[in-house]
Amino acid sequence: MSNYKEIYKHAQTNPNEFWDTAAKAIDWFKPYKKLLDDSQAPFYSWFAGGELNTCYNALDRHVLNGQGSRTALIYDSAVTKNSRKYTYQELLNEVAHFADGMIKKGISKGDRVIIYMPMIPQTAIAMLACARIGAIHSVVFGGFAAKELAARLVDSSPKLIITASCGIEITKVIAYKPLVDKAIEIANVGDIPVVVYMRPECSANLQAERDSTWSDFVKGTNAADCVALESDHPLYILYTSGTTGQPKGVVRTNGGHAVAMHWSLKNIYAMQPEDVFWAASDVGWVVGHSYIVYAPLILGCTTVLYEGKPVGTPDAGAFWRVIDEHQVNCLFTAPTAFRAIRREDPIADELQKYDTSCLRSLFLAGERCDPNTLEWAQDTLKVPVIDHWWQTETGWPIAANPLGIEELSVKPGSPSLAMPGYQVDILDDQGNEVEVNNIGNIVIKLPLPPGTLKTLWGDDSRYIKAYLQTFPNYYLTGDAGYKDEEDYLWIMSRIDDVINVAGHRLSTGQMEESLAKHPAVAECAVIGVKDEIKGELPLGLVVLNKHTSISDQQLQQELIQLVRKDIGPVAAFKQAINVKRLPKTRSGKILRKTIKAIAQGEDYEIPATIDDPEILREIENALMKN
Ligand code: COA
Ligand code: AMP
């Protein structure tokens, strides 16, 4: 079978045969007894009864197959102007010794380990070391504030935290250890030992007896062996934003994940062992988990771990330099990165300095890719540019143009077709399938394919409520959109309060919780408004308490600081506007969609349920003044 249609149909009509074939690419310590155990539905177990180790599949097996001297990971730091290559053998040594350090510290299978790290190789080493001994890692993105980290400490109750002395944001050195100490204090769950990787740019204070440096932690260790883990044993928890302030801990299990990683990198991204794959994202996001660390190593590729930005480190040629220097075959990033490059260098002058002929394709995800950016990338790089759609929950693409199978025709603005294993449908609010070209709720028929989320950490009922309850037998993606007459998907917006800022998924509800803490704020609403570079930016509308004398400027600064302190700089919250009242329905629901339309200068209909249409004019005036 060599075309998309046949392969998709095969996965749909005979999933057992399809995934059984895919699973042969993985080394199992014990073969699975049942391909899909649905006896506990809606909690499904792929490859039930099988045992494997993800780290073994990512490292050991390649070394055992004589590939130890090949490059596994290239660390390229544009911010420190350093780079370092790790062979598979070197990476394995580092991982196995760090794993032994964890065993000596009393960490074992099932224990949770929080990793709060910048983009350095030690982050991948820590993740793989957890996978090696069956500890469940939870990586927290460095741009999150102490309070966000604390929420994850409370929810996952880790036995160990791994961090670095600092991260580097272009030229700013951001000390991580004080944030970790603060988070431990806020979480109030007792003292958790911290391992700190000391970077030359910044030192960190250690708490005697509790904390250790990375180098002390691995001193005197041996190489730890891989532990055989049940297919269904969790590999990691990755927190993501939902409707409420409480992040959702997506649980990914070993067996399905390993199979999906291998299958997707080969068939969607068209990678082969020995190719060089670069996901220019952050290990703190799902893209980093799947396509910086796990998939490239499981397939036997070289992965690039880049510490830097698309612009400013030092210029808009940064991506082209990395492609040329490390002979990258496939680049994966978010459209926002290309918009940032285009703004600085509209005619791609910088590209002339480099030879990027090694590049075969560019994949974009994390937010809708606007046709302008897609076309600019195509014209500039002269390779297929693929918009593809997925989420933290799914761990790999739901819809894409599967270059490893067949290059489909591109429709700019659409992430193309559903991938094998995903039956994507569009339903109206009553659960009926809508007609072609009509917008509705995008849902996926259960069971979800291997590699997708099993549940939410410690909260099966929230998993059911958030994703499965709305439409029986379907997983609710949270996105709205439509299918055209050729089954191409068009992802138009979220149906919840999630916004996408520079490819980062954030909850406006959570920002509202922060703003509401300000003593001058009586009521507030946060919406996402279109931004040329970041896709969306949060905008706060605040109604002040009577008799408040604070100046607009001071209030704005204090609100910005509140969000930075609670959520972190990554929220990019920079604007709050005072309004007299917020538009609401008669039942008191804030009309966020209408506010958004006004803020974006779009036509809007006055909702029939609004309590007082005059408020909309007030909002228009307030927005115009700013
Ligand atoms: N640790 C600490 N702080 C961080 C951080 C980290 N790992 N990552 C970002 N931040 C901070 C930044 O320093 C910035 O802080 P500031 O407000 O004090 O300046 C803030 O968070 C916002 O950062 P960022 O979103 O990176 O915006 P930017 O304006 O610095 O850069 C882009 C804009 C488009 C260049 C940048 O967002 C980018 O490269 N995006 C790629 C998107 C991506 O990788 N998405 C992942 C999904 S594929
Ligand atoms: P995250 O979980 O952070 O990866 O964010 C997932 C969300 O980002 C999706 O539910 C979509 O809303 C959005 N998204 C990701 N990729 C795309 C895409 N290619 N097109 C449109 N929206 C996307």
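On a predicted model such as this, the values are computed, not experimentally measured, just so you know.

1. Quick word on the nonpolar core
Okay, so step 1: Counting 120 residues, the largest nonpolar core has Met-102, Tyr-269 and Tyr-291 as its most contacted members.
Okay, so step 2: Residue contributions to this core peak at 10 residues, all from helix H10 (residues 286-299).
Okay, so step 3: When residues are assigned to domains, this core turns out to be shared by domain 1 (1-67 + 230-308 + 388-495) and domain 2 (88-227), each giving three or more.

2. Details of the site of ligand 1
Okay, so step 1: In the region of ligand 1, 23 residues are neighbours, and Glu-169, Lys-172, Lys-309, Lys-534 and Arg-564 sit closest.
Okay, so step 2: Interatomic distance of 2.8 Å between a side-chain N/O atom of Glu-169 and an oxygen atom of ligand 1.
Okay, so step 3: The contact in question runs from an oxygen atom of ligand 1 to an N or O atom on the side chain of Arg-564, over 2.8 Å.
Okay, so step 4: When ligand 1 sits alone it has 950 Å² of accessible area, and the protein chains cover 82% of it.
Okay, so step 5: Its residues assigned to classes, the shell around ligand 1 shows 11 nonpolar, 6 polar and 6 charged.

3. Here's the deal with the layout of surface pockets
One way to see where empty space is left: roll a probe the size of a water molecule over the atoms.
Okay, so step 1: Looking at the second largest pocket, its volume works out to about 440 Å³.
Okay, so step 2: Looking at the second largest pocket, it is lined by 19 residues, and the ones nearest its centre are Tyr-4, Lys-5, Leu-417, Glu-486 and Asp-487.
Okay, so step 3: At the level of secondary structure, the elements contributing two or more residues to the lining of the second largest pocket comprise helix H1 (4-13), strand S22 (417-418) and strand S23 (424-427).
Okay, so step 4: Element by element, the count of residues in the lining of the second largest pocket is highest for H1, at 5 residues.
Okay, so step 5: Grouping the constituent residues of the lining of the second largest pocket by class yields 8 nonpolar, 4 polar and 7 charged.

4. Some words on the sheet that holds strand S16 (residues 276-279)
Okay, so step 1: Taken in spatial order, the 7 strands line up as S5-S4-S17-S16-S18-S19-S20 in an open sheet, and their pairing is mixed. At either end of the open sheet lies a strand with only one pairing partner, and these are strand S5 (82-87) and strand S20 (385-387). Averaged over all pairs of adjacent strands, the angle between their axes in this sheet comes to 20°, without regard to strand direction.
Okay, so step 2: As paired elements, strand S4 (residues 71-77) and strand S17 (residues 302-307) share 5 bridges and run parallel to each other. Counterpart to Leu-73 in the pairing with S17 is Thr-303.
Okay, so step 3: Its contacts with the sheet place helix H11 (residues 318-326) against S4, S16, S17 and strand S18 (330-333), and it is angled at close to 150° to S17.

5. Thoughts on the site of ligand 2
Okay, so step 1: Near ligand 2 you find 14 residues, and of these His-388, Thr-392, Asp-479, Arg-494 and Arg-505 are the closest.
Okay, so step 2: Between Arg-368 and ligand 2, the recorded distance is 3.5 Å, taken from a backbone N or O atom to a nitrogen atom.
Okay, so step 3: Interatomic distance of 2.6 Å between a side-chain N/O atom of Asp-479 and an oxygen atom of ligand 2.
Okay, so step 4: Each residue belonging to the shell around ligand 2 can be placed in one class, and the counts come to 3 nonpolar, 5 polar and 6 charged.

6. Topic: helix H9 (residues 254-267)
Okay, so step 1: The end-to-end C-alpha distance of H9 is 20 Å, a good match for the 20 Å that 14 residues give at a rise of 1.5 Å each.
Okay, so step 2: Among the 14 residues of H9, 13 are classified as buried, and the element is accordingly described as predominantly covered.

7. A short note on unusual backbone geometry
Okay, so step 1: Each neighbour pair has its own omega, and for Ala-41 with Pro-42 the value is 10°, a cis peptide bond.
Okay, so step 2: If you trace the backbone, Pro-42 turns up in the loop between strand S1 (34-37) and strand S2 (45-48).
Okay, so step 3: Backbone torsion omega between Leu-446 and Pro-447 reads -5°, so that peptide bond is classified as cis.
Okay, so step 4: Assignment of secondary structure puts Pro-447 in the loop between strand S24 (440-445) and strand S25 (455-456).

8. Description of the domain arrangement of the protein
Okay, so step 1: Per the domain assignment, the segments making up the protein are domain 1 (1-67 + 230-308 + 388-495), domain 2 (88-227) and domain 3 (502-625).
Okay, so step 2: Domain 1 and domain 2 are separated by 27 Å when their C-alpha centres are compared.
Okay, so step 3: With 38 residues of domain 1 at the interface, the matching set in domain 2 holds 34 residues.
Okay, so step 4: Summing both sides of the interface, domain 1 and domain 2 together bury roughly 3,200 Å²; the carbon and sulfur share of this comes to 65%.
Okay, so step 5: Linking domain 1 with domain 2 are 3 salt bridges.
Okay, so step 6: Linking domain 1 to domain 2 there are 14 residue pairs in polar contact (both at pLDDT 80 or more).
Okay, so step 7: At the level of secondary structure, the elements contributing two or more residues to the side of domain 1 that touches domain 2 comprise helix H3 (54-67), strand S14 (234-240), H10 and S17.
Okay, so step 8: Residues of the side of domain 1 that touches domain 2, tallied by class, amount to 25 nonpolar, 9 polar and 4 charged.

9. Thoughts on the sheet that holds strand S26 (residues 474-483)
Strand pairing in a sheet relies on backbone hydrogen bonds. The paired strands run either parallel or antiparallel.
Okay, so step 1: Read from one edge of the open sheet, 4 strands run S23-S24-S26-S27, paired in antiparallel fashion. A strand with exactly one partner marks an edge of an open sheet, and here the two such strands are S23 and strand S27 (489-494). The mean inter-strand angle of the sheet, taken between neighbouring strand axes irrespective of direction, is 50°.
Okay, so step 2: Both S23 and S24 contribute to a ladder of 4 bridges, which runs antiparallel. When the sheet's bridge partners are listed, Val-424 is paired in S24 with Ile-444.

Cut-offs and rules
Residues numbered from 1 in each chain as written. Chains lettered and ligands numbered in written order. Predicted model: local features only at pLDDT ≥ 70, side-chain atom pairs only at ≥ 80, totals over all residues. Heavy atoms only, no water. Core = buried A, V, L, I, M, F, W, Y, C linked by side-chain atoms within 4.5 Å. Buried < 20%, exposed > 50% of the residue type's maximum accessible area, 1.4 Å probe, protein only. Helix = DSSP H or I, 4+ residues; strand = E, 2+ residues; numbered from the N terminus. Domains from an automatic or database assignment. Near = heavy atom within 4 Å. Polar contact = N/O pair within 3.5 Å; in protein donor to acceptor, adjacent residues only side chain to side chain. Areas by Shrake-Rupley, 256 points an atom, 1.4 Å probe, with all protein chains shown as cover. Nonpolar A, V, L, I, M, F, W, Y, C, P; charged D, E, K, R; others polar. 1 Å grid on protein atoms, 1.4 Å probe; cavity = no way out; pocket = protein on both sides within 12 Å on 5 of 7 lines; lining within 4 Å. Points joined across faces, edges and corners; volume = space filled by probe spheres on them. Pairing = 2+ DSSP bridges. Axes fitted to C-alpha atoms, helices over the stretch in contact; angles between N-to-C directions. Contact = heavy atoms within 4.5 Å. Expected span 1.5 Å × (residues − 1). Buried area = accessible area lost by both parts, 1.4 Å probe. Salt bridge = Lys/Arg side-chain N within 4 Å of Asp/Glu carboxyl O.

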